[in-house]
Amino acid sequence: MTTPVERLDVAAHGAAGAGRVGSGSAPDLHLALLDWFAANARDLPWRDPAAGAWGVLVSEIMLQQTPVARVEPRWRDWMARWPTPTDLAAASPADVLRAWDRLGYPRRALRLREAAGVISRDHDGRVPTATADLLALPGVGSYTAAAVTAFAYRRRAVVLDTNVRRVLTRLVGGQALPPPSVLAVESERALDLLPDGDEDSARWNAALMELGALVCTARAPTCSACPVRTGCAWRRAGAPADSHAAKRRTQAWHGTDRQARGRFLAALRAAPGPLTTAELAAVWEPGPQFERALAGLLADGLVAAETAPDGGVRGYTLPLA
DNA sequence: AAATCGTGGTC
DNA sequence: TGACCAAGATT
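Residues numbered from 1 in each chain as written. Chains lettered and ligands numbered in written order. Predicted model: local features only at pLDDT ≥ 70, side-chain atom pairs only at ≥ 80, totals over all residues. Heavy atoms only, no water.

J.: Tell me about the protein's contact with DNA strand C, residues and numbers included.
T.: Residues in contact with DNA strand C amount to 26 residues; listed here are only the nearest, Leu 63, Gly 139, Thr 144, Arg 219 and Thr 250. Here Thr 144 contributes a side-chain N or O atom positioned 2.7 Å from a phosphate oxygen of DNA strand C. Between a sugar or linking oxygen of DNA strand C and a side-chain N or O atom of Asp 161, the distance comes to 2.8 Å. (Near = heavy atom within 4 Å. Polar contact = N/O pair within 3.5 Å; in protein donor to acceptor, adjacent residues only side chain to side chain.)

Right under this line is the structure:
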């Protein structure tokens, strides 16, 4: 009886041919997926070469933990309003947070603005190409740096987002879902399958992500429509259930600080001027949690306190500068 | 390294 | 209906 992992070795290395692509991979797999992508890729605005590296960076930050459908309209407005990093760097945090609207995780908006400042000051207003420079930008981690490298600059990079992780975990690993945190073997798998050429590898990354988003979904994958189903270790193993389900803790929401913070920010985005403590109390019950959430927002620079001449707090606003 | 950080759609 | 999930980063 072979385990799924042993089957994976067969899937990954058994059909290794005269690799145009990385060692130990199957050219068939690449052709099948790249052909599928050519025929099925969504027409997303940041995939238009005219979007440029700045457009790609903005999209990647917005897309962190946020569905494409929610991002698209915000991205269009954002790019029309701040077409260059220098434009965004000159905007006030309050304006930026209002334009961010309800994309969620609003500190991403502040970090994007800070990143725009760094780009404007230190990189002549152009999104940097060096990975180290990308990683130095606020809000840019390993995924986003790789995504900008691949999708904006069309260079070879290991792009490991939730989609790619899931697709490779199934296709090669034979398991339903990836573990909670990224393992070294996942990066190795991704690198092993990554085509050698810059443009090929960029397309491959996009194709893997697209497959994960459209076909190889988390809940109910439509394997019948999958271009690489015949090579899928997970299917071959009988599509076993998620082995990491126990470790994965679902994030609480109701009654949490995050919910309180969200309420406060929603109220402040909608308010033309400062809101008093009493007005904030209309959206969240006063008490220790109220104080904690508000203090957190102030510490994070998402909210500013407006003080009266006598030093007392007159009200709260989105940060004006 | 585990916790924290929004929001809304889906089944 | 509530749990799960969505192009992660940061501390």
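J.: Go over the packing of aromatic side chains, please, and point to the residues and values.
T.: Taken as a whole and judged by the stated rule, the model has four aromatic pairs. On the basis of an interplanar angle of 80° and a centroid distance of 5.7 Å, the ring pair of Trp 78 and Trp 100 is categorised as edge-to-face. In this pair, Trp 78 is assigned in helix α4 (residues 68-81) and Trp 100 in helix α6 (residues 93-100), connecting sequence segments 22 residues apart. The pair Trp 78 / Trp 100 is uniform in exposure class, with both members buried. For the ring pair Phe 264 and Phe 290, a centre distance of 5.0 Å and an interplane angle of 80° mean the geometry is edge-to-face. Remark: Phe 290 occurs in helix α16 (residues 288-299) and Phe 264 occurs in helix α14 (residues 257-270); sequence separation between them is 26 residues. The pair formed by Phe 264 and Phe 290 is uniform in burial state, with each residue classed as buried. What links up through ring pairs into an aromatic cluster is the set Trp 78, Trp 82 and Trp 100. Above the face of the Trp 234 ring, Arg 170 is positioned so that its terminal group lies 4.6 Å from the ring centre. (Phe/Tyr/Trp six-rings, centres within 6.5 Å; stacked < 30°, edge-to-face > 60°. Helix = DSSP H or I, 4+ residues; strand = E, 2+ residues; numbered from the N terminus. Buried < 20%, exposed > 50% of the residue type's maximum accessible area, 1.4 Å probe, protein only. Lys NZ or Arg CZ within 6 Å of the ring centre and 35° of its normal.)

J.: Talk me through the side chain of Ser 92; I want residue IDs and the actual numbers.
T.: Inspection of the secondary structure assignment puts Ser 92 in the loop between α5 (85-89) and α6. In this structure Ser 92 comes out as buried when scored by relative accessible area, which is 19%. Ignoring any residue separated from it by four or fewer positions in sequence, one finds Ser 92 in contact with Arg 113 and Leu 320. (Contact = heavy atoms within 4.5 Å.)

J.: Account for unusual backbone geometry, naming residues and giving values.
T.: Positive phi outside glycine occurs at Asp 101, with the angle close to 60°. Tracing the sequence through the fold places Asp 101 in the loop between α6 and α7 (107-122). Despite not being glycine, Arg 154 has its phi angle at roughly 55°, a positive value. In this fold, Arg 154 is placed in the loop between α9 (142-152) and α10 (162-173). Under the relative-accessibility criterion, Arg 154 is labelled partly exposed at 32%.

J.: Describe helix α12 (residues 198-214), naming the residues involved and giving the relevant values.
T.: When the terminal C-alpha atoms of α12 are compared, their 24 Å separation across 17 residues agrees well with the 24 Å that a helix rising 1.5 Å per residue should span. Against the buried residues of α12 lie α2 (27-40), α9, α10 and α11 (184-193). (Expected span 1.5 Å × (residues − 1).)

J.: Summarise the protein's contact with DNA strand B; cite the residues concerned and give the values.
T.: Every one of the 16 residues lining DNA strand B counts as a neighbour, but Arg 70, Pro 106, Arg 107, Arg 261 and Gly 262 are closest to it. Backbone atoms, meaning sugar and phosphate, make up 54% of the atoms of DNA strand B lying within 4 Å of the protein. Separating a base oxygen of DNA strand B from a side-chain N or O atom of Arg 70 is a distance of 2.5 Å. Here Arg 102 contributes a side-chain N or O atom positioned 3.0 Å from a phosphate oxygen of DNA strand B. With four residues, the single largest contributor to the surface near DNA strand B is α14. For the surface near DNA strand B, the per-class residue count stands at four nonpolar, five polar and seven charged. (Nonpolar A, V, L, I, M, F, W, Y, C, P; charged D, E, K, R; others polar.)

J.: Could you give an account of the UniProt feature "domain: HhH-GPD" (unreviewed entry) in chain A, with specific residues and numbers?
T.: UniProt annotation of "domain: HhH-GPD" (unreviewed entry) refers to residues 62-214 when read in the numbering used here. Across residues 62-214 one finds 65% helix and 0% strand; the C-alpha atoms that close the span lie 19 Å apart. (UniProt positions renumbered as here; feature names shortened; annotations may be inferred.)

J.: Tell me about the packing of helix α3 (residues 52-63) against α4, and please be specific about residues and values.
T.: Following both chains from N to C, one finds α3 and α4 inclined at 140°, their axes separated by 10 Å at the closest point. In terms of orientation, α3 and α4 fall into the oblique class. When you trace α3 past α4, the crossing you get is right-handed. On α4, the residues that touch Trp 54, Gly 55, Val 58, Ser 59, Met 62 and Leu 63 of α3 are Val 68, Val 71, Arg 74, Trp 75, Trp 78 and Met 79. Looking at the contact of α3 with α4, its residues break down into nine nonpolar, two polar and one charged. (Axes fitted to C-alpha atoms, helices over the stretch in contact; angles between N-to-C directions. Parallel < 35°, antiparallel > 145°, perpendicular 65-115°, else oblique. Left-handed = near helix turned anticlockwise from the far one by under 90°.)

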